[in-house]
Amino acid sequence: MGRLAVVLPPAGAALTGPPTAPEVRRLLAAHGLAPHKRRGQNFVVDPNTVRAMVRRADVRAGDVVAEIGPGLGALTLALVEAGARVVAVEVDAGLVRALAEVLADSPEVQVVHADAAEVEWKALVGAGPAKLVANLPYHMATGLVLHALESDVFERLEVMVQREVGERWAARQGDDRYSGTSVKVAAYASAVVDGRVSRHAFLPEPAVDSVTVRLEPRPWQAAVPRSELVRLVDVGFQQRRKRLRNALATDACPPSRVETALQRAGLDPGSRAEELDLAAWTRLADALATSGR
């Protein structure tokens, strides 16, 4: 795992609520910081946006809430206002230092200096139930969400992401944005786009609008391991226009075996990846797993 350290905020003046654009500019200047484009740092500067997000997440007093990329504490402070105990994971050392000022009077917050893609969530928040509420960097949002879902400690996730990404997570078979990512997310949770966020709510202003997505994890009940389904979906969607009997074929599993598995799963032998929903992918994964027995 990457760096891991609990940061205890020093005595000092904390913000009284989520920072506005002038406060964000002041904090950045005071700490010699600038938004890091490679890390997708766009700071929320509209307090109403983060407070609405906390309401949609149904955060209650005493809830344990994990946050990824707290930045300058806008969402963190909104969570504290709701009475949550927050574990905020931040990879940027400069922002960790700035958060010490922002959160000086917030003992309810534990800031962890680490890469959220590598942390062991159960070690940080316990066995659950916990919630995850976060404004995620656009370029790695899917990986972060799948990593969190795989931990099996969160009862709900409410995350802000690029509109295209959120709509892809929530897409169903037949939708324009339906993809392998849609299937993989669906294997772990139900996903619903529950809010839209203007690009004007951020500093710097991104080139795209955002959405908030609610993800409610569900247990895996199929006989085939979920990891095997995910692997199969990745392979199938690599050549999504190809028929699956060819796209999934390997030396050990020739097209004829894939075609037989498709038939056993009750699917058209000429099916393509984008034509299968989660249930169909699950049947196909099971049929392939048992076809050699």
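To be clear, the structure that these remarks concern was listed above.
Below is a short write-up of the structure. A quick note: this is a predicted structure, and the numbers were derived from the prediction, not measured. (Residues numbered from 1 in each chain as written. Predicted model: local features only at pLDDT ≥ 70, side-chain atom pairs only at ≥ 80, totals over all residues. Heavy atoms only, no water.)

1. Digging into the overall build of the chain
- A tally of regular secondary structure across the chain gives 12 helices and 10 strands.
- Its C-alpha atoms give the chain a radius of gyration of 21 Å, within 12% of the compact-globule value 19 Å for 293 residues.
- In terms of principal-axis extent, the alpha carbons of the chain reach across some 70 × 40 × 30 Å.
- Across the 293 residues that make up the chain, the buried fraction comes to 51%. (Helix = DSSP H or I, 4+ residues; strand = E, 2+ residues; numbered from the N terminus. Rg over C-alpha atoms; globule rule 2.2 N^0.38 Å. Buried < 20%, exposed > 50% of the residue type's maximum accessible area, 1.4 Å probe, protein only.)

2. Considering the environment of V96
- With respect to the helices, strands and loops of the structure, V96 is situated in helix α4 (residues 93-102).
- Spatially, the C-alpha atom of V96 lies 17 Å from that of V44, the residues being 52 residues apart in sequence.

3. Digging into unusual backbone geometry
- Looking along the chain, the bond that leaves L203 and enters P204 is cis, with omega of -10 degrees.
- Notably, D58 is not glycine yet its phi reads approximately 55 degrees, a positive angle.
- In this fold, D58 is placed in the loop between α2 (47-56) and β3 (64-68).
- Phi is positive for D152, which is not a glycine, with a value near 60 degrees.
- As for its position among the elements, D152 is in the loop between α6 (141-151) and β7 (154-162).

4. As for the side chain of T282
- By the element assignment, T282 lies in helix α12 (residues 278-290).
- The class of T282 is buried, set by a relative accessible area of 15%.

5. Quick word on helix α7 (residues 163-170)
- By the burial criterion, the buried members of α7 are V165, G166, E167, W169 and A170.
- Of the surrounding secondary structure, the elements contacted by the buried residues of α7 are α6, β7, α8 (180-188), β8 (189-197) and β10 (210-217). (Contact = heavy atoms within 4.5 Å.)

6. Brief notes about the packing of α6 against α8
- α8 packs onto α6 with a crossing angle of 25 degrees between their chain directions and a minimal axis gap of 10 Å. The angle between α6 and α8 falls in the class roughly parallel. Every pair of crossing elements has a handedness; the one defined by α6 and α8 is left-handed. Between α6 and α8, the residues in contact are T142, L146, L149 and E150 and T181, K184, V185 and Y188, respectively. (Axes fitted to C-alpha atoms, helices over the stretch in contact; angles between N-to-C directions. Parallel < 35°, antiparallel > 145°, perpendicular 65-115°, else oblique. Left-handed = near helix turned anticlockwise from the far one by under 90°.)

7. Quick notes on helix α1 (residues 21-30)
- Within the span of α1, buried status applies to A21, V24, L27 and L28. When α1 is viewed along its axis, its buried side chains cluster within an angular range of 125 degrees and face the same direction. Residues of α1 that are exposed and point more than 90 degrees away from the buried face comprise P22, A29 and A30.
- The positive-phi residue at the C-terminal boundary of α1 is G32, with phi of around 65 degrees. (Arc of directions from axis to C-beta.)

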